[in-house]
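Observations on the model geometry
Residues per chain, in single letters:
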Amino acid sequence: MDGIFERITTAELSFGSTATERPHIVIIGAGFGGLSAAMRLGKVGADVTVIDRRNYHLFQPLLYQVATAALSPADIAAPIRGILSRQPNTNVILGTVTGIDIAGRAVLIGQRRIPYDQLVIATGARESYFGHDEWAAVTLGLKKIDDATAMRRRILVAFERAEDSDDEAERRLLLTFVIIGGGPTGVELAGALAELAKAALARDFRHIDPTTARIVLVEAGPRLLPSFPPKLSEVAARALTRLGVELRLGAKVTCCDCEGAVLGDERIESRTLIWAAGVAASPAAGWLGIASGRGGRVSVMADLSLPGHPEIFVIGDTAEVEGPDGQPLPGVAPVAKQEGAYVGRVIAARIAARIAGARPPTPFRYRNLGNLATIGRKEAVVDFGRLQLTGRIAWLVWGLAHIYFLIGFRNRMAVAVDWLWSYLTYQRGARLITGQEM
Ligand SMILES: Cc1cc2nc3c(=O)[nH]c(=O)nc-3n(C[C@H](O)[C@H](O)[C@H](O)COP(=O)(O)OP(=O)(O)OC[C@H]3O[C@@H](n4cnc5c(N)ncnc54)[C@H](O)[C@@H]3O)c2cc1C
């Protein structure tokens, strides 16, 4: 394998003290990146341990559909043990990682130590409030299943409370929804919420008219979907306006509280503020004892390993990786998946060659397969670079791509059936108010 790897230092040449000792690969996080790495390592001569604080893999791109009652939580999640059950060399641990002992080569789950020869950190991202952490208490985020069911509860309870209220001002407050952040999550949420109010709930109440619900989408930048070409941003803006969504572009939120948000000179009274504006990486930089880069991300080398530590890889939303244009790669699922697959291949080759710190011959390269976002049940925007699609054809591409990338036959079938049913009837099958009322 000498032609394949460039050796680094003699200290990194072997995995264990004997040639028969099986290396141990630990992967933290079974999201898009971690799972993709784990699936590449199912047949290597090594033991693999996947650690996650949840027992399921979550398809985050469809969380907004759970939040707006179109899908049930189980449709967009699949148990990690089930996904990896056909990999006899792979063990799953349910636990929250609290630190990493780099010198002792062990992952820490509280007092418990999990030793590793090769480590992959794929712990994703969390919300960032641009220095206003107090907004977390008064806005609803969307990162976890619990966030989505809490948002669904808040939205459906708002309609119930408005139906019960005789006070017009109170009704207005309840039926005004402010979404902060005009990226794909904010745009998709605004479209889905508008359709929920104006179609699915339209005939279900006796004292209020749900179609009068006010949905305001706030974006600090000059246009929606900043990562898409300007033409597609305009298509998205027009589609949302047709659905009755009020757009506030170039409007920076300066205050959020329990009764509304302030954007410059304007105050919008609302009991439901939804945060879709910013994310920061998981606290991996802190575990590694290094300074973090942009958005708390960990800067990695061209082979996605940590500088000075070829045995540690950082991937997905937690890593800062430069794209061909010198800009950091976006925090999207295909980046995480491709990085996971690449790291899986590098580690598999190292194990085959028994050279623990060998560098791969080619750096990681991201293949951009396209950007997609949907606006309600009729419109979507798809950017394949030279080819850009809008309208129903784009919506179809968006739907097929999401069904294809969902893990598990049951999930794919369930989502396809739910979507077809909603498409034909305008109804939402998951209109359940569960958990504690707020
Ligand atoms: C609402 C929403 C919508 C999105 N829409 C899109 C979209 O349409 N298209 C797109 O491409 N991307 C979308 N994304 C982004 C995409 O989901 C992420 O880029 C992708 O999930 C990143 O993959 P990852 O493996 O880095 O992290 P994740 O998939 O987030 O996985 C991280 C895993 O690490 C685990 N973990 C975290 N901390 C610990 C710990 N301390 N101990 C143990 N386990 C831990 C988590 O439980 C999780 O399973 C969306 C994200 C969100 C939140």
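Preceding this paragraph is the structure being described.
Conventions and cut-offs
- Residues numbered from 1 in each chain as written.
- Predicted model: local features only at pLDDT ≥ 70, side-chain atom pairs only at ≥ 80, totals over all residues.
- Heavy atoms only, no water.
- Near = heavy atom within 4 Å.
- Polar contact = N/O pair within 3.5 Å; in protein donor to acceptor, adjacent residues only side chain to side chain.
- Areas by Shrake-Rupley, 256 points an atom, 1.4 Å probe, with all protein chains shown as cover.
- Helix = DSSP H or I, 4+ residues; strand = E, 2+ residues; numbered from the N terminus.
- Nonpolar A, V, L, I, M, F, W, Y, C, P; charged D, E, K, R; others polar.
- Pairing = 2+ DSSP bridges.
- Axes fitted to C-alpha atoms, helices over the stretch in contact; angles between N-to-C directions.

1. Section: the site of the ligand
In the vicinity of the ligand, 27 residues are found, and the nearest of them are Gly-33, Asp-52, Gln-60, Val-97 and Asp-317. Interatomic distance of 2.9 Å between a backbone N/O atom of Val-97 and a nitrogen atom of the ligand. Contact between the ligand and Ala-333: an oxygen atom at 2.9 Å from a main-chain N or O atom of the residue. In the complex, 91% of the free accessible area of the ligand, which totals 990 Å², lies under the protein chains. Mapped by element, the contributors of at least two residues to the shell around the ligand are α1 (32-40) and α9 (333-353). Considering every element that reaches the shell around the ligand, the biggest residue donor is α9, with three residues. Looking at the shell around the ligand residue by residue, the classes come out as eleven nonpolar, eleven polar and five charged.

2. Points about the sheet that holds strand β13 (residues 246-249)
Across a sheet, strands are paired by hydrogen bonds formed along the backbone, either parallel or antiparallel in direction. Taken together, the four strands give an open sheet; going across it, the order is β13-β12-β11-β17, and neighbouring strands pair in parallel fashion. One side of each edge strand has no neighbouring strand; the edge strands of this open sheet are β13 and β17 (272-275). Recorded for the sheet is a direction-independent mean angle of 20° between the axes of neighbouring strands. Note: strand β12 (residues 214-219) against β13, four bridges, orientation parallel. Bridge pairing links Val-218 to Arg-248 in β13.

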